[in-house]
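Here is how the chains run, residue by residue.
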Amino acid sequence: MAINTYAAIDVGSEELAMKIYEVSKAHGIRELTHLRHKMSLGSEIFSHGQVSYRTMSEICRVLRDYKKIMQEYQVSTYHAYGTDALREASNKLVLLDQIKLQADVKVKILSNSEERFLYFKAVFLKEKNFSELIDKGALIVDIQAGSIQLSLFHLGTLEFTQNLKLGSSRIRELLHTIEPEIFSFNELISEYMNKDLTEFCRMYLDNQKIAHIVSVGDQIPEIKQLLKERYADFTGLMSQKELASINSAFLPGIEANEAMAPTVLLLKKIAALTKCEDIYMSAIDLCDSMVAEYAERKERINSGHDFTRDILTTSKNIALRYHTDMKHVENVTYLALEIFDSIRKLHGLGKRERLLLQIGVILHSCGAYVNMEQTRENSYKIIMSTEIIGISHKERVIVANILRYNSEYFPPFEEIGDDISREEYITIVKLCAILKLANVLDKSNSQKIRQVGVTLQDSSLHIVAYTMADITLEKGLFHRKADVFEEAFGIRPVLKKKNKRKEG
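Note that this is a predicted model, so its numbers are computed, not measured.

Calculation rules
Residues numbered from 1 in each chain as written. Predicted model: local features only at pLDDT ≥ 70, side-chain atom pairs only at ≥ 80, totals over all residues. Heavy atoms only, no water. Axes fitted to C-alpha atoms, helices over the stretch in contact; angles between N-to-C directions. Helix = DSSP H or I, 4+ residues; strand = E, 2+ residues; numbered from the N terminus. Parallel < 35°, antiparallel > 145°, perpendicular 65-115°, else oblique. Left-handed = near helix turned anticlockwise from the far one by under 90°. Contact = heavy atoms within 4.5 Å. Nonpolar A, V, L, I, M, F, W, Y, C, P; charged D, E, K, R; others polar. Salt bridge = Lys/Arg side-chain N within 4 Å of Asp/Glu carboxyl O. Buried < 20%, exposed > 50% of the residue type's maximum accessible area, 1.4 Å probe, protein only. Polar contact = N/O pair within 3.5 Å; in protein donor to acceptor, adjacent residues only side chain to side chain. Core = buried A, V, L, I, M, F, W, Y, C linked by side-chain atoms within 4.5 Å. 1 Å grid on protein atoms, 1.4 Å probe; cavity = no way out; pocket = protein on both sides within 12 Å on 5 of 7 lines; lining within 4 Å. Points joined across faces, edges and corners; volume = space filled by probe spheres on them. Pairing = 2+ DSSP bridges. Expected span 1.5 Å × (residues − 1). Phe/Tyr/Trp six-rings, centres within 6.5 Å; stacked < 30°, edge-to-face > 60°. Lys NZ or Arg CZ within 6 Å of the ring centre and 35° of its normal.

Put simply, helix 16 (residues 351-363) and helix 20 (residues 422-440) touch, their axes get as near as 10 Å, and they point 50° apart. As judged from the angle between their axes, helix 16 and helix 20 are oblique. By crossing handedness, the relation of helix 16 to helix 20 is classed as right-handed. Taken together, the residues of helix 20 that come into contact with helix 16 (itself represented by Glu353, Leu356, Leu357 and Val361) are Thr427, Leu431, Ile434 and Leu435. Among the residues making up the contact of helix 16 with helix 20, the classes are represented as six nonpolar, one polar and one charged.

Next comes the structure, spelled out in structure tokens:
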């Protein structure tokens, strides 16, 4: 059985880390080495908005050393990712260019949703009791340098997720600007975070029973290790009362105390507001998350958790928040997928695009809650403002544009802007055409067409509606959407009616 040697590099806010692993189907994931170089990247960016030339040089020097170590371990594949701090650096493109030129390392800056999704994959893969925790109701608290992500799981499925700009480094650097006036640093941190966390709990967790909190993030592994050194039998799980009793005295030295205080206080505050039963600290870091994704893709090693169901459940909860007609959504989803699956040879799209179509159908009318005369534009803005963990920013742009142009007119590539590539534009055109055709088959929102037979015959797509209902409205409007569909795929959809149930 072949064994792959994989390196994960995290260009983080507090340190530049690299882990090297052995990955195989037979033996799973085995860590070989862990290298860490402390630096102040996050502090620079959150204070000054950019990376200094001195720090750029330091990053490049360390990465050159890491490249040599990768050669010694005969690493076959590596990935290097930057996260929340780098996303906010005004000169991030210059930094990435210098890293490529000076160290011959290609660094990808993850979007927030991509970063958090990687952590989910690693937690499900490596924390063996995690599935039990989320069945009872668990809040995942992902504390990074720039923000925290709060994600609620219930009955084993992700229900919603929300990002707050309350990261540990961001809080520390912000409050340092008023340091001369600080009487109690910890009390000031608590006061600063109180409003956003209280508002989050009021809006999203009202009447929700939170049995467990699972904490992950930049500093959680280090805090967990410190607690283990202090309490030999500590495994990572503690009660809310035990967490509340922890104070900064257990942290060694002033520097560590100051750096970790926001993370500890964030956990305490969230635990108190949610009245959770216990808190679990996970030692998983971004490097572990990266290798989990690599192992899943390369060796088909996975946790068995259905992340697609999480994505769709989250999308449905967003739709419900905007009082969407879910019976209409379910019917149009069925119709759209029947059409998509019947013309695979024509559209050439895969499972991922099929999922984006489903998300688009679920969210296509959420903008009506804001203004019914501008449903499409409002739906676009809602999607662009709402994170869906499990799809990338680019995929979210695709979904948003499918909804924005859910009409007879579809603009040329040049009019849409710089957000998408030509390939992505073609994907949007195809998925939008399918959505338009499926949506018009339930134009009255009364689910008159619940069963269809879709067959591709020569230059026509035959859609047979098996229904006893009067579908005069649907047939009357069908030809307008058929024109758009024909422009996208080169075939003409034809709608027929049969007054009987579909056989088989």
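This is not the end of the story, as more comes after the structure.
Time to look at the pattern of salt bridges. Once the charged atoms of two side chains with opposite charge are near each other, the side chains can pair. Summed over the entire model, instances satisfying the criterion amount to 29 salt bridges. With a closest N to O distance of 3.2 Å, Glu474 and Lys448 form a salt bridge. With Glu474 in helix 21 (residues 472-489) and Lys448 in the loop between helix 20 and strand 12 (452-457), the pair connects residues that are 26 residues apart, well separated along the chain. Judged by relative accessible area, which is 0%, Glu474 ranks as buried. Salt bridges sharing partners connect three or more residues here, namely Lys19, Glu31, Lys126, Asp285 and Asp288.

This part is about unusual backbone geometry. Despite not being glycine, Asp104 has its phi angle at roughly 55°, a positive value. Mapped onto the fold, Asp104 is located in the loop between helix 4 (92-103) and strand 5 (107-109). Its identity is not glycine, yet His323 carries a phi of approximately 55°, on the positive side. With respect to the helices and strands, the residue His323 is situated in the loop between helix 13 (307-321) and helix 14 (326-342).

Turning next to the side chain of Arg116. In this fold, Arg116 is placed in helix 5 (residues 112-126). For Arg116, a relative accessible area of 0% translates into the label buried. A polar contact of 3.2 Å, which involves the side chain of Arg116, links it to the backbone oxygen of Asp142.

The next subject is the nonpolar core. Counting residues in each nonpolar core, the largest one holds 64 residues, and the members touching the most others are Ile339, Leu357, Ile359, Leu363, Ile434, Ile463 and Phe485. When sequence neighbours within four positions are dropped, the list of residues in contact with Ile339 reads Ile434, Leu437, Ala438, Val454, Leu461, Ile463 and Phe485. Core analysis: the next-biggest nonpolar cluster, separate from the first, contains 37 residues, Leu205, Ile223, Leu226 and Leu243 among them.

What follows concerns empty space enclosed by the protein. This model, assessed by the stated rule, comprises three cavities of 30 Å³ or more. Contributing to the lining of the largest cavity are Lys121, Leu125, Ala292, Glu296, Ile301, Asn302, Ser303 and Phe307. Secondary structure elements with two or more residues in the lining of the largest cavity: helix 5 and helix 12 (286-299). Across the lining of the largest cavity, the residue classes break down as four nonpolar, two polar and two charged. Computed from the structure, the second largest cavity encloses a volume of approximately 40 Å³. Along the walls of the second largest cavity sit Asp10, Gly12, Ser13, Thr83, Glu115, Tyr119, Gln144, Asp218 and Leu286, which together make up its complete lining.

What follows covers the sheet that holds strand 7 (residues 148-154). Strand pairing in a sheet relies on backbone hydrogen bonds. The paired strands run either parallel or antiparallel. Taken together, six strands build an open sheet; the order of strands is 8-7-6-9-11-10 and the sheet is mixed. Looking along the sheet, the strands with just one partner apiece sit at the ends: strand 8 (157-164) and strand 10 (237-239). Pairs of neighbouring strands in the sheet enclose a mean axial angle of 20°, with direction left out of account. Sheet topology places strand 6 (residues 138-143) next to strand 9 (residues 212-217); six bridges connect them, and they run parallel. By the bridge assignment for strand 9, Ala138 is matched with His212. Across the sheet, helix 5 is in contact with strand 6, strand 7, strand 8 and strand 9; its angle to strand 7 comes to roughly 50°. Most of the contacts of helix 13 go to strand 8, to which it runs at about 70°, and overall it touches strand 7 and strand 8.

This part covers the side chain of Gln358. Looking at the secondary structure, you find Gln358 in helix 16. Ignoring anything within four residues of it in the chain, the contact list for Gln358 reads Leu312, Thr333 and Leu337.

Attention now moves to the environment of Ala259. Tracing the backbone shows Ala259 in helix 11 (residues 254-274). Each C-alpha atom of the pair Ala259 and Glu14 lies 9.5 Å from the other, and the pair is 245 residues apart in sequence. Dropping the residues within four chain positions of it, Ala259 is found in contact with Arg172 and Gln219.

Here we come to helix 13. Between the first and last C-alpha of helix 13 there are 21 Å, a value that for 15 residues agrees with the 21 Å anticipated at 1.5 Å per step. The complete set of buried residues in helix 13 reads Phe307, Asp310, Ile311, Leu312, Thr314, Ser315, Ile318 and Ala319. In this structure, the buried residues of helix 13 make contact with helix 5, strand 7, strand 8, helix 14 and helix 16. The backbone nitrogen of Thr308 has a side-chain oxygen 3.2 Å away, supplied by the residue at the start of helix 13, namely Asp306. Downstream of helix 13 by one or two residues, His323 has phi in the positive range, about 55°.

Per the counting criterion, the structure on display carries 13 aromatic pairs. A cation over an aromatic ring shows up here: Arg404 above the ring of Tyr380, its NZ or CZ 3.9 Å from the ring centre.

Let's shift gears to the packing of helix 2 (residues 53-72) against helix 4. In the contact formed by helix 2 and helix 4, the axes pass within 9 Å of each other and the chain directions differ by 40°. Here helix 4 runs oblique to helix 2, going by the angle between their axes. The element helix 2 and its partner helix 4 pack so that their crossing is right-handed. On the side of helix 2, the interface is formed by Met56, Ile59, Cys60, Leu63, Arg64 and Lys67, while helix 4 contributes Val94, Leu95, Gln98, Ile99, Gln102 and Ala103. In terms of residue class, the contact of helix 2 with helix 4 is made up of eight nonpolar, two polar and two charged.

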